[in-house]
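Report on the structure
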Amino acid sequence: MSEPEIENEIDASRAPLLDHLIELRRRLLYCMAALVVAFGVSYFFAEDIFAFLVQPLLSAGQKTVIYTQIFEAFFVKVKVAFFAAMMISFPVIANQLWQFVAPGLYRKEKRALLPFILATPVLFIGGAALAYYMAIPMALHFLLSFQGNVGGVNQEALPAIGNYLSFVMQFLFAFGLAFLLPVLLMLLERAGIVTRKQLIAARRYAIVGATAIAAVLTPPDLMSQVLLAVPLILLYEVAIIGIWFTERKRHKEAGTDIVEA
């Protein structure tokens, strides 16, 4: 890109502070409107959504949930609706964020950032799906296995509806956010905070960190921890490979050779 073209891009991206604030308010209003509409729809279908979330519990053989506080069932319904509304409105929120940020970016920066925005919901849903279909059922089978006769006393699991929802949401968000690791590392590399060589050198520490994160975010059963730790380690390697490809592309455009680690 020639210098006059760069200057034109800079001039086109400039705007008074008041215009930026007005634009930010408009984008936030769109986000709030999307969230409110999604919440209204989700609240109407809250029982169906909770019926979906409770399937792992049914598969584990537990057919009863209780609520011990008068308003607990109502608040659970609100939490389910808000949880679903965040998922449904995320594409709109991400698009509004992009529409606000994009005018201030160069053409190359737009091309570099857009794939990360598109990959974020895909990776989050992939992590949440792994949690729902594999990690949560395994964790429930382990945790519910403590039922039975203990010292002559019958020990029975009666999970509260609010506690179960918090348990499921913790798993879904933990796995979903963990799967965003490649996006985070690649953005840090693009910002010049870390390099591919540094990530390769820190591989052993990344393995220890992934194991520690899995131990904190999952129940104490080994399978749940492995199901989170192993994907984290693999995603770390995926990020390194992705950075290598982006480095190769940048060096190719610049007409230089990439230095292998």
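So, here's what we can say about the structure. (Residues numbered from 1 in each chain as written. Predicted model: local features only at pLDDT ≥ 70, side-chain atom pairs only at ≥ 80, totals over all residues. Heavy atoms only, no water.)

Further remarks concern a positive patch on the surface. Judged by side-chain charge, Lys108, Arg111, Arg190 and Lys249 come together as a positively charged surface patch. Summarising the element assignment, Arg111 is placed in helix H6 (residues 107-143). (Patch = residues over 30% accessible without salt bridge, like charges linked within 9 Å, V, L, I, M, F, W, Y side chains within 5 Å. Areas by Shrake-Rupley, 256 points an atom, 1.4 Å probe, with all protein chains shown as cover. Salt bridge = Lys/Arg side-chain N within 4 Å of Asp/Glu carboxyl O. Lys, Arg positive; Asp, Glu negative; His and termini not counted. Charge placed at Lys NZ, Arg CZ, Asp CG, Glu CD. Helix = DSSP H or I, 4+ residues; strand = E, 2+ residues; numbered from the N terminus.)

For the pair helix H3 (residues 46-53) and helix H5 (residues 72-101), the least separation of the axes is 9 Å and the interaxial angle reads 85°. One way to sum up the angle between H3 and H5 is to call them roughly perpendicular. Each of Ala46, Glu47, Ile49 and Phe50 in H3 lies in contact with H5, whose residues at this interface are Val76, Lys77, Val80 and Ala84. Residues that form the contact of H3 with H5 fall into these classes: six nonpolar, no polar and two charged. (Axes fitted to C-alpha atoms, helices over the stretch in contact; angles between N-to-C directions. Parallel < 35°, antiparallel > 145°, perpendicular 65-115°, else oblique. Contact = heavy atoms within 4.5 Å. Nonpolar A, V, L, I, M, F, W, Y, C, P; charged D, E, K, R; others polar.)

Let us now look at the side chain of Gln62. Tracing the chain through its elements places Gln62 in the loop between helix H4 (55-59) and H5. We classify Gln62 as buried; its relative accessible area is 7%. A polar contact is formed between the side chain of Gln62 and the backbone oxygen of Thr64, at a distance of 3.1 Å. Not counting residues within four places of it along the chain, the set of residues in contact with Gln62 comprises Leu57, Leu144, Gln147, Ala157 and Pro159. (Buried < 20%, exposed > 50% of the residue type's maximum accessible area, 1.4 Å probe, protein only. Polar contact = N/O pair within 3.5 Å; in protein donor to acceptor, adjacent residues only side chain to side chain.)

Moving on, we get to the environment of Leu97. Examined against the element boundaries, Leu97 turns out to sit in helix H5. Separated by 70 residues in sequence, Leu97 and Arg27 place their C-alpha atoms 7.4 Å apart.

So, on to a nonpolar patch on the surface. A cluster of nonpolar side chains, contributed by Phe82, Met86, Met87, Ile88, Phe173 and Leu177, occupies part of the molecular surface with about 530 Å² of accessible area. Among the elements of the structure, H5 and helix H7 (161-178) are those that each provide at least two residues to the nonpolar patch. Considering each element in turn, the nonpolar patch owes the most residues, four residues, to H5. Tracing the chain through its elements places Ile88 in helix H5.

Within the structure shown, the criterion is met by four salt bridges. The partner of Arg26 in a salt bridge is Glu23, with the nearest N and O atoms 2.9 Å apart. With Arg26 and Glu23 both in helix H2 (residues 17-44) and three residues apart, the pair spans about one turn of that helix. By relative accessible area, Arg26 is classed as partly exposed at 36%. Since its relative accessible area comes to 22%, Glu23 is described here as partly exposed. Across the pair Glu23 and Arg27 runs a salt bridge whose closest N-O atoms are separated by 2.7 Å. Separated by four residues within a single helix, Glu23 and Arg27 lie in helix H2, roughly one turn from each other.

On to the packing of aromatic side chains, then. Under the definition given, this model contains 14 aromatic pairs. Centre to centre, the rings of Phe50 and Tyr164 are 6.5 Å apart; their planes meet at 90°, and the pair counts as edge-to-face. Here Phe50, found in helix H3, pairs with Tyr164, found in helix H7; they are 114 residues apart in sequence, far enough to count as distant. Grouping residues by exposure puts Phe50 and Tyr164 together as buried. Between the NZ or CZ atom of Lys77 and the centre of the ring of Tyr43, over which it lies, the distance is 4.7 Å. (Phe/Tyr/Trp six-rings, centres within 6.5 Å; stacked < 30°, edge-to-face > 60°. Lys NZ or Arg CZ within 6 Å of the ring centre and 35° of its normal.)

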